[in-house]
Amino acid sequence: VPSTTIRRADKILAPAPKTKPTPKRELPVPRTVVEAPQPSHAPAVEENEGNVPSKLKALEEHWEASLATHDASVIEKVVANDFVGTSSGGRLGSKATLLAEMRRDKNTYKSAASRQMSVHVYGSNVAVVFGTAKESGTDPSGRAFARTYRFTDTWVKRGGEWQCVAAHTMAMPNR
């Protein structure tokens, strides 16, 4: 999630009541899924584990493209209300932080695209997407910029919809 200013959301936590230890259970091993791109005219199919990667890649691409058009409605839809993200500067932020940042952004984008994505599916309702995001354009003073980020986004399917619940972004050096 390309983001330059993310700050920590305040949260008060009460101590957990003492409980009996529960037996440990093994976590599912991630499966990397690689698939050929689907043509845009492909018929809609019922979502199953086989097309989760395509669905999440499309959501990632839509999210990144929304930065260029300053379309906050995309963040409203794909980012969970309990989202937490870490910026490339190490700051923590929330969904509200992402929305405020988008509204303050006065850059003009030539392009904004997610690429080189890999999806690891954990069961039927959790997945992690790794990839890069590239953005270029001009800032309000007319200076050109080009930046690349590496991201890791965690997605959870809730109420039949996929939402990003956590993200980590790292700025890549310009080459």
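Keep in mind that what you see is a predicted model, and the values were worked out from it rather than measured.

Q: Please set out the overall build of the chain residue by residue, giving values where relevant.
A: When helices and strands are counted, the chain shows three helices and seven strands. The N-to-C order of helical and strand elements in the chain reads β-α-α-β-β-α-β-β-β-β. Counting only residues that meet the buried cut, the chain has 35% of its 175 residues in that class. Long-range pairs, those at least 24 residues apart, make up 60% of the contacts in the chain between residues at least 6 apart in sequence.

Q: Tell me what's going on with the pattern of salt bridges, and back it up with residues and numbers.
A: Tallying each qualifying case throughout the model produces three salt bridges. Residue E76 is joined to K95 by a salt bridge in which the shortest nitrogen-to-oxygen separation is 3.9 Å. Placement of E76 in helix α2 (residues 72-78) and of K95 in helix α3 (residues 95-104) is noted, with a sequence separation of 19 residues between them. On the accessibility criterion, E76 (41% relative accessible area) is partly exposed.

Q: Now, about the confidence of the model for the chain: what can you tell me, with residues and values included?
A: In the predicted model, the chain carries a mean pLDDT of 79, and the fraction of residues at 70 or more is 71%. For the chain, the element scoring lowest by mean pLDDT is strand β1 (residues 31-33), at 37; strand β2 (residues 79-86) scores highest, at 98. Low confidence marks residues 1-47, where pLDDT is under 50. Its contacts with residues over four positions away, or in another chain, come to 65 contacts.

How each quantity is defined
Just so you know, the residues in each chain are numbered from 1, in the order the chain's sequence is written. For this predicted model, a pLDDT threshold of at least 70 governs which residues receive local features, and a threshold of 80 or more governs which side-chain atom pairs are given and counted, while totals over whole chains, interfaces and linings are taken from all residues. Side-chain measures here rest on the full set of heavy atoms in the structure, leaving out hydrogens and waters. Helical segments are the DSSP runs of H or I of at least four residues, strand segments are the runs of E of at least two, and each set is numbered from the N terminus. Relative accessible area decides the class of each residue, using a 1.4 Å probe on protein chains only: under 20% of the type maximum gives buried, over 50% gives exposed, and in between gives partly exposed. Any two residues whose heavy atoms approach within 4.5 Å at even a single point are treated as in contact. By definition, a salt bridge exists where a carboxyl oxygen of Asp or Glu is found within 4 Å of a side-chain nitrogen of Lys or Arg. Note on scores: pLDDT gives the predictor's confidence for each residue, bounded by 0 and 100.

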